[in-house]
Amino acid sequence: MKANNPLIVVRDLSIAFAGAKAVDGLSFTVAAGEVTALVGESGSGKTVSGLSIAGLAPPEARITGRVTLAGADILGRTPRERRLAGHPAVSMVFQDPQAALNPVLTIGEQIVEAVRADGRTGARAAAARALELLDLVRIPEPGRRFSEYPHRLSGGMRQRVVIALALAASPVALVADEPTTALDVTIQAQILQLLIRLKDELGMALLLITHDLGVVAEAADRVLLMRDGRLLEDRGVRDFFDGPRHPYGRALLAARPGRRTRRGPRPRLADTSAPCLIGGEGSGAC
Amino acid sequence: MLTIEKLRVTHRTRNGTVLAVDGVDLTLRRGETLGLVGESGCGKSTLARAVMRLTPPASGRILLDGTDVTRLRGRAAAPFTARVQMVFQDPAASLDPRYTVARAIAEPLLPTVRDAAERARRVAALMDDVGLARALADRLPHQLSGGQRQRVAIARAIAPRPDVVVLDEPVSALDVSLQAQVLNLLVDLQERHGLAYLFIGHDIGVVRHMADRVAVMYLGRIVEIGDWSDVVDEPAHPYTRALMAAAPAANPDAGRAATRTVLAGELPSPFAPPPGCAFHTRCPLAVERCRREAPALRDAADGRRVACHLAPAPSAETNPAQTNPTEANNFRPLRRLP
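Residues numbered from 1 in each chain as written. Chains lettered and ligands numbered in written order. Predicted model: local features only at pLDDT ≥ 70, side-chain atom pairs only at ≥ 80, totals over all residues. Heavy atoms only, no water.

## A short note on the overall build of chain B
Looking only at helices and strands, one finds 11 helices and 12 strands in chain B. Compactness check: chain B gives a C-alpha radius of gyration of 21 Å against a globular reference of 20 Å for 338 residues, within 12% of the reference. A principal-axis box enclosing the C-alpha atoms of chain B has dimensions of 65 × 50 × 50 Å. In chain B, once contacts between residues fewer than 6 apart in sequence are set aside, the share between residues at least 24 apart is 62%. Put simply, chain B shows about 14400 Å² of open surface, and 53% of that area lies on carbon and sulfur atoms. Of the side chains in chain B, 43 bear a positive and 36 a negative charge, and the two mean positions are spaced by 6 Å. (Helix = DSSP H or I, 4+ residues; strand = E, 2+ residues; numbered from the N terminus. Rg over C-alpha atoms; globule rule 2.2 N^0.38 Å. Contact = heavy atoms within 4.5 Å. Areas by Shrake-Rupley, 256 points an atom, 1.4 Å probe, with all protein chains shown as cover. Lys, Arg positive; Asp, Glu negative; His and termini not counted. Charge placed at Lys NZ, Arg CZ, Asp CG, Glu CD.)

Below is the structure:
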């Protein structure tokens, strides 16, 4: 594979739940070594798109289209089926580390379990690999943390464990769904920096799903803007912030609070008028 | 109008006692927005709960227009309860799932507005006030969007015609565009009703947008307080500086996560706060004195107050002949919306 070949190619991806279209004809590519941000509000279809790329879409989802990973067709296959077929792994990092970790297993047990999912690694080698992974995500004193339970860790440390779990399968791509949203601002910056460093060290592709344009400005190389299941923009991050072409992108940028200057009145924030799915006609609330 | 004096709040847990709020002094003026920022566990929500008198303080006082309301209970507390209201972060959790919109908004009116027809009129007016269509009156919370639910919570809070509303992360559960709408609504309501807001948040962008003054909390103490533009744009305390630097950049040219310096480590355990300045374990500037001696909140340049041994003292010209260094003396009139 050539260096700038796309690692993941998504063509005409559509996802429907009980007849309702969540994603409608989505096409984009993700390159290795790049941070591609999939941006949109709740209900835009960004999360379910990420789930289907990672092979984790719920079974009731009706998925059509084509997703290839380094040329191999992976759409509709679970991570296990992909592994058995010899495809490289795509792992997922979720928003809420509390929910992503098993409260009754130690950190070490959970990572060992993930490492041994390949069916080839022995217990001793898996434990060594687990310690290595904890070190890789820069958890201090990995030996001590190994035998601790998730509730003993702070939110930031838990998210590091979740990232270590995602790395257990030696993925070539990481789908991170709002990985910093549940964290404090100082810890957000640490986790974002960690994800970018890991992407560089391990040569992965990083698909960053977020609604936070600050995170996009900090981390993304490319921006994919979604709304109502459709792709509105696919541009380099500087181009996007210099002036999105789509009115929705412009409205989103203008809706960010905090653009206030020292002098002058508090600016009014833009209303992006997302259509309300819950019948709030004329309510003005959504 | 609302004054907090030397407030200390402790939590007893199985693992010992935590001093969640450690001697906080604050004043909130009529019609202003005071932003309160800090990391999870810094005590900002405990402080809000103490102001709401949901958590009794270990010591200190809360004064409303000069009246000590700290320990009022029952009937004596009722007039003051109405004057200080709160909006919580998650409207899905703060609203009763079995109450319709109209009933939820009517509930806080029950003790004072006995006439049902008058109450219905007030509910309709409140719904207009917060931008909820009257057609939504019979909906249940699960039939509303997140933004609509937060509007119901705001209508409930302003129903008793309060002077102070404590807003605990009121938009952090909402999408960016809904955030903008709810923030615009809060600004409108403040203008219309002369409300004072204690605005608690961890999103610097939101606090920057809303606040007239900003107070920064670290491990139960205020470490810096001042005019929003000074605190946010030219922070004096090293912790404030780190907090502001950690906030995501506005555009890719302003900062990239891969290259920036981020504050290392996490908030120390409140069970065993570090000696001296609580921030010295993470502070890039810490000197020997910081490890021994806790800095008091004192006047610094630009009329702000900073709890740091290293912060420069006010120069003579910016603070002429200051004899009584209280927060009130440092207050500068703030620019309001036209």
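After that view of the structure, there is still more to cover.
## A short note on the interface of chain A and chain B
Each partner contributes residues to the interface: chain A has 57 residues there, and chain B has 63 residues. Note on chain A versus chain B: buried area summed over both sides is about 5000 Å², and carbon and sulfur give 48% of it. Sorting the residues of chain A by area buried against chain B places A:E218, A:R262 and A:R266 first, and these three jointly supply 17% of that buried surface. For the interface between chain A and chain B, the tally reads three salt bridges. (Buried area = accessible area lost by both parts, 1.4 Å probe. Salt bridge = Lys/Arg side-chain N within 4 Å of Asp/Glu carboxyl O.)

## Describing the sheet that holds strand β8 (residues 205-210) of chain A
All names here are of chain A. Here six strands make up an open sheet; going across it, the order is β6-β7-β8-β3-β9-β10 and the pairing mixed. The open sheet has two edge strands with one neighbour each: β6 (90-93) and β10 (230-236). Each strand of the sheet is rotated relative to its neighbour by a mean of 20°, with strand direction disregarded. The pairing of β6 with strand β7 (residues 173-177) spans four bridges and is classified as parallel. Note on β7: the bridge partner recorded for V90 is A173. The sheet strands contacting helix α7 (residues 155-167) are β6 and β7, and the helix crosses β6 at an angle near 170°. The strands touched by helix α8 (residues 185-202) within the sheet are β3 (35-39), β7 and β8, with β8 carrying the most contacts at an inclination of about 155°. (Pairing = 2+ DSSP bridges. Axes fitted to C-alpha atoms, helices over the stretch in contact; angles between N-to-C directions.)

## Quick look at the domain arrangement of chain B
The extent of an interface is frequently quoted as the accessible surface area lost upon association of the parts. Residues and elements named next belong to chain B. Taken domain by domain, chain B holds domain 1 (2-73 + 162-249 + 262-330) and domain 2 (95-161). Computed over C-alpha atoms, the centres of domain 1 and domain 2 are 31 Å apart. Counting from both sides, the interface comprises 14 residues of domain 1 and, opposite them, 11 residues of domain 2. The contact between domain 1 and domain 2 buries some 1000 Å² in all, and 67% of this surface belongs to carbon and sulfur atoms. It is P162, L185 and L189 in domain 1 that bury the most area against domain 2; as a group they hold 43% of the surface buried on that side. (Domains from an automatic or database assignment.)

## Structural notes on the pairing of β7(A)
Remark: a regular strand shows side chains that alternate across the two faces of the sheet. Residue and element names in this part refer to chain A. In terms of burial, β7 is largely enclosed, as five of its five residues are buried. Taking every second residue as pointing to the same face, both faces of β7 are buried, with A173, V175 and D177 on one and L174 and A176 on the other. The pairing of β7 with β8 spans five bridges and is classified as parallel. Each residue of the ladder has a partner; that of A176, found in β8, is L208. Regarding topology, α8 serves as the crossover connection from β7 to the parallel β8, and that connection is right-handed. (Buried < 20%, exposed > 50% of the residue type's maximum accessible area, 1.4 Å probe, protein only. Right-handed = clockwise from strand over helix to strand, strands pointing away.)

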